[in-house]
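Inside the fold
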Amino acid sequence: MSVFHQLAQQMEDVSGDRGVLKEVIRPGKGGKVPCDATVILKYSGYLEHADKPFDTSCYRRHPRMMKLGQDITLAGMEIGLLTMQRGELSRFLFSPKYAYGTLGCPSLIPPSATALFEIELLDFLDTAESDLFYALSPEVQATFPLDKIIKIAGTEREFGNYLFKRNRFNDARDRYKRASSLLSCKASCDEESKLLEAAQLFVDLNLSLTYLKLERPSRALKWGEKALSIDNRNTKALFRCGQACLEMREYDKARNFLLKAQRLEPFNPDINNELRRLSSCYQDYMDKQREMCCRMFRSLSTRH
C-alpha cells in the first residue's frame, strides 16, 4: 500500500467524491473562509516518495495575497481553503482531477499525479462585498446605504493595514485613499456625520503615517491636520504632525505639535524621544547658522 493511500484512509472527504481529502494538523479559530475572499497563506506541495516540495511559498518574507476565484489555479486548493479557519494548518491530498490533471506539468509533475499540500492559513479578508461595489457604476454605488459604505471602507482600510505591515507603503496608501474617498459622501443627519467622522479619523491617521514612511512629510502633515480637524486632542495626529514638521525643518511648528501631544500623554516614550530629537536637530541647525554667519563676517573683514 502506497504512503498516500495510507494517509487517505484517515482523511476527511471535503469534495464529496474523495478527490480532495483533508487532515487538520492544527485547528484554527473563527469562521471559515468565505467565497471570493482574499487569503494570506503559506503552502508546500509534495509528490509521493519525494523528500522536498516541488512548490513552496514558505521561504517568502511576505506571503502573497491570493484572491479566491482568480489567483489560485488548483481546484483542490480552492475547495480546501473554503474549509479552513484563521491560523489553521492542514494537510490535503488532491487527486489528479483536482490537481494537475492527466497531463501533469512536464518536467515537474508527472501525468495523473496525486499531490499532497500542507497549507497554513495565516489570515483572510472578506473582500467580496468591496469587489462587487467597485464593479458597479458610480450611479449605483450612490444608492448604497451608509452602513454598507462604512463597512466597505473598513475592508479597504484593513487591506491597507495588511499591506502597510509588509512595507508595501504605496499599495497601502492607495487602499487608504479608496477608503477616504468612500467616506467623503454626504451625511443626511448628525448621527451619520458622527459615524463618517469616526471612520475617517482612522483613515486620516493611517495616511499620515504612510506618507511619513514614504518620506513625503508635507502630505503626512496634510492628513494629520485633517485628523485634527475631527479630533483636535488626538495624540497620534499631533505626534505625526510634529514628526512631519520636524522632517521639513519647521522646528517651531514641530515643537508646538509635540508639546501638545506631550501634555496629553506626558510619559509616552515616542513623544519624548521625538522632542529630544527635535532639540538635537535644532541645535545642529543653530550651530550651522552661527558658523555660516562667522564665515560671512570673516569674509567681509578681509575685504576691508
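Because the structure is a prediction, the values reported are computed rather than measured.

Some details on helix H7 (residues 190-213)
Each full turn of the α-helix corresponds to 3.6 residues, which orients residues three or four apart in the same direction. When the terminal C-alpha atoms of H7 are compared, their 35 Å separation across 24 residues agrees well with the 34 Å that a helix rising 1.5 Å per residue should span. At the exit of H7 stands Glu215, carrying a positive phi of roughly 60 degrees.

Things to note about the UniProt feature "domain: PPIase FKBP-type" (unreviewed entry) in the protein
The feature "domain: PPIase FKBP-type" (unreviewed entry), as given by UniProt, occupies residues 36-125 in the numbering adopted here. Secondary structure within residues 36-125 divides into 8% helix and 38% strand; the distance between the first and last C-alpha atoms comes to 9 Å.

Structural notes on the domain arrangement of the protein
As assigned here, the protein comprises domain 1 (3-126) and domain 2 (129-299). Of note, the centres of domain 1 and domain 2, computed from C-alpha atoms alone, are 40 Å apart. Each partner contributes residues to the interface: domain 1 has nine residues there, and domain 2 has nine residues. Both faces considered, domain 1 and domain 2 share a buried interface measuring about 770 Å² in area, 58% of it formed by carbon and sulfur atoms. For the domain 1 face of the interface with domain 2, the top three residues by lost area are His62, Met65 and Leu125, together amounting to 58%. At the junction of domain 1 and domain 2, the tally comes to one salt bridge. As a salt-bridge pair, Lys67 and Asp131 come within 2.3 Å of each other at their nearest N and O atoms. Taken together, the connections running from domain 1 to domain 2 amount to two residue pairs in polar contact (both at pLDDT 80 or more). Elements represented by at least two residues in the side of domain 1 that touches domain 2 include exactly strand S4 (38-47) and strand S6 (65-67). The class makeup of the residues in the side of domain 1 that touches domain 2 is four nonpolar, two polar and three charged.

Description of the pattern of salt bridges
Between side chains of opposite charge, a pair can form when the charged atoms approach closely. In total, this model carries 16 salt bridges according to the counting rule given. Its salt-bridge partner being Asp123, residue Arg86 comes within 2.6 Å of it at the nearest N-O pair. With Arg86 in strand S7 (residues 85-86) and Asp123 in strand S9 (residues 115-125), this pair connects stretches of sequence that are 37 residues apart. By relative accessible area, which is 37% here, Arg86 ends up partly exposed. Relative accessible area serves as the criterion here: at 26%, Asp123 is assigned to the partly exposed category. A salt bridge links Glu156 to Arg178, with the nearest nitrogen and oxygen atoms 3.4 Å apart.

Some remarks on the nonpolar core
Side chains that are nonpolar tend, in soluble globular proteins, to be buried together. Counting residues in hydrophobic clusters, the biggest one holds 46 residues, and the most contacted among them are Met65, Phe257 and Leu278. Counting residues per element, the ones that place at least two in this core are helix H5 (146-165), helix H6 (169-182), H7, helix H8 (217-230), helix H9 (235-247), helix H10 (251-264) and helix H11 (269-303). Both of domain 1 (3-126) and domain 2 (129-299) provide at least three residues apiece to this core. Residues contacting Leu278, with those up to four places away along its chain left out, are Leu246, Tyr251, Ala254, Arg255 and Leu258. Of all hydrophobic cores here, the second largest spans 26 residues; its members include Val39, Leu47, Phe92 and Phe117.

Criteria and thresholds
Residues numbered from 1 in each chain as written. Predicted model: local features only at pLDDT ≥ 70, side-chain atom pairs only at ≥ 80, totals over all residues. Heavy atoms only, no water. Helix = DSSP H or I, 4+ residues; strand = E, 2+ residues; numbered from the N terminus. Expected span 1.5 Å × (residues − 1). UniProt positions renumbered as here; feature names shortened; annotations may be inferred. Domains from an automatic or database assignment. Contact = heavy atoms within 4.5 Å. Buried area = accessible area lost by both parts, 1.4 Å probe. Salt bridge = Lys/Arg side-chain N within 4 Å of Asp/Glu carboxyl O. Polar contact = N/O pair within 3.5 Å; in protein donor to acceptor, adjacent residues only side chain to side chain. Nonpolar A, V, L, I, M, F, W, Y, C, P; charged D, E, K, R; others polar. Buried < 20%, exposed > 50% of the residue type's maximum accessible area, 1.4 Å probe, protein only. Core = buried A, V, L, I, M, F, W, Y, C linked by side-chain atoms within 4.5 Å.

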